[in-house]
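Structural characterization, general
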Amino acid sequence: MYSCKNTQEDFVIEDSEPYKPIVDYGFHFDQFNVHFDTIDRQDTFEKILKKQNLNGKKASEILKIIKDSFPTSVGYKRPYVCLRSKDKYNKLQYLIYQPNRIDYYLVDLTDSVIGFKKSRPLTFKVRTVAGELTGPLTKTLRELKIDPTLSGKLTKVFAWSIDFFKSKKGDKFALSFTERYINDTIYDGVDSLRAAFFEYKGEKIYAFPFIQERGGKVDYYNDQGKALKNFFLKAPLKFVHITSKFSKNRFHPVQLKWKPHKGTDYAAPTGTPIMTTAAGVVEQAGYTAGNGNFVKVKHDKTYATQYLHMSRILVRRGQRVKQGEVIGKVGSTGLASGPHVCYRFWKNGVQVDALRLKLPNSQVMESRNLPRFKEQIRPLKRALDSVAEIKFSN
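Residues numbered from 1 in each chain as written. Predicted model: local features only at pLDDT ≥ 70, side-chain atom pairs only at ≥ 80, totals over all residues. Heavy atoms only, no water.

- For the protein, an unreviewed UniProt entry supplies the name Peptidoglycan DD-metalloendopeptidase family protein and the organism Flavobacterium chungnamense.
- Looking at the protein in UniProt, the text filed under Cofactor (unreviewed entry) is "Zn(2+)".
- The UniProt entry for the protein carries the following comment under Subcellular location (unreviewed entry): "Cell envelope". (UniProt positions renumbered as here; feature names shortened; annotations may be inferred.)

Take a look at the structure:
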């Protein structure tokens, strides 16, 4: 009970950075002997209490009293603060444990033992910006002083509409999003994407979140109410580049002869996750001399996709997979001159060029929801267009 839990949350004090209190706990620190520390791997609440001149019996009694108001475990490298009396006894008066940036737990030992949780108020501020790509999206966002983690959200939302491998420097975009602030002053990251557009191949592609049914999930639609999510993803990898396209006659770099290349090669470091571009059932998973480790997924009666040269296969034949599920890792097995995935696409049993094929879209929004959607996005679209006009009018 009350053990150390090693989690993957972002709120971690790194070894190289000195610990500073991230929250105003409501105390005047100059009235106490203050000890700042972080949770060690083997720490428990009981061990922390014992370090504060409390014997095992007293520490156990405190834990019994606070068990209903405190978490059962502490997180590795999470901060805690001990406030001790400024006298010769140096007695622990308050113990504060902070598992994240919003919440903290406090044990009051000044009279009877009391334990409780407090949360700081969050405020949300809307920010709408326009810009143009100067390189990778993450780099561009950082230059605009936008949390670069927003790039993951954007690439996910536009994954069915934009092939970011083909994005170019100078492509314009506008974003409207909310940012979280703690106590109205401490920045705590991007909370949600309200609206966005990217100019892609001369077309302005909008994205607006919308829930069609009460209790339903959020999906993204363009300004005409058409769902952005398509049957197929644009590519099986993230943030890589095309090295060879579908061709009737290409010089094979390993066999050193001209022959058809019935796929698209995406280069990436060995071990990069490979995603299935649509939901389906694994039809084949194995090895051949030419393909190396490969997986073929059957999506329906019409479409199938294949992924070659894997370093590892992570699915088995007959397994049902979801769109975007990782099915293997990039490698250079078989006839490959370097780490990449050769992505092949079948339509009605014939291999075709996935980059030129007009792929099926998901269903358009139900007509009865369209008026509500149009009303909801009107101010959002106006805000995007206005900030873009101001940005690019010069």
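1. Side note on the environment of Trp346
- Following the sequence through the fold, Trp346 ends up in strand β23 (residues 340-347).
- Overall, the relative accessible area of 12% leaves Trp346 in the buried class.
- Taking C-alpha positions, Trp346 is 5.0 Å from Ala304, a pair spaced 42 residues apart along the chain.
- Apart from the residues within four sequence positions on either side, Trp346 is in contact with Lys296, Thr302, Tyr303, Ala304, Thr305, Gln306 and Gln351. (Helix = DSSP H or I, 4+ residues; strand = E, 2+ residues; numbered from the N terminus. Buried < 20%, exposed > 50% of the residue type's maximum accessible area, 1.4 Å probe, protein only. Contact = heavy atoms within 4.5 Å.)

2. Quick look at the side chain of Arg78
- Among the structural elements, Arg78 can be located in the loop between β3 (73-75) and β4 (79-84).
- Polar contacts involving the side chain of Arg78 include one to the main-chain carbonyl oxygen of Pro99, which spans 3.2 Å. (Polar contact = N/O pair within 3.5 Å; in protein donor to acceptor, adjacent residues only side chain to side chain.)

3. Comments concerning the environment of Gln93
- Along the chain, Gln93 turns up in strand β5 (residues 92-97).
- In this structure Gln93 comes out as partly exposed when scored by relative accessible area, which is 24%.
- If we ignore the near neighbours within four places in the chain, the residues touching Gln93 are Phe32, Leu83, Arg84, Ser85, Val107, Asp108, Leu109 and Thr110.

4. A closer look at the side chain of Gln52
- One can find Gln52 in the loop between α1 (45-50) and α2 (56-66).
- There is a polar contact of 3.2 Å between the side chain of Gln52 and the backbone oxygen of Ile48.
- Sequence-distant contacts of Gln52, defined by excluding residues within four places in its chain, comprise Cys82, Arg84 and Leu92.

5. So, the packing of aromatic side chains
- Per the stated rule, a full pass over the model turns up 23 aromatic pairs.
- A ring pair is formed by Phe29 and Phe36, whose centres lie 5.8 Å apart and whose planes are at 65°; its orientation type is edge-to-face.
- Assessed through its relative accessible area of 25%, Phe29 is described here as partly exposed.
- Arranged with centres 5.8 Å apart and planes meeting at 70°, the rings of Tyr303 and Phe345 form a pair that is edge-to-face. You can see Tyr303 sitting in strand β20 (residues 303-313) and its partner Phe345 sitting in strand β23, a full 42 residues away along the chain.
- Among the aromatic residues, ring-to-ring pairing joins Phe197, Tyr206, Phe208, Phe210, Tyr221 and Phe373 into one connected group.
- For Lys204, the ring lying beneath its charged end belongs to Phe197, and the centroid distance is 4.5 Å.
- The positively charged end of Lys296 is found above the aromatic ring belonging to Trp346, 3.9 Å away from the centroid. (Phe/Tyr/Trp six-rings, centres within 6.5 Å; stacked < 30°, edge-to-face > 60°. Lys NZ or Arg CZ within 6 Å of the ring centre and 35° of its normal.)

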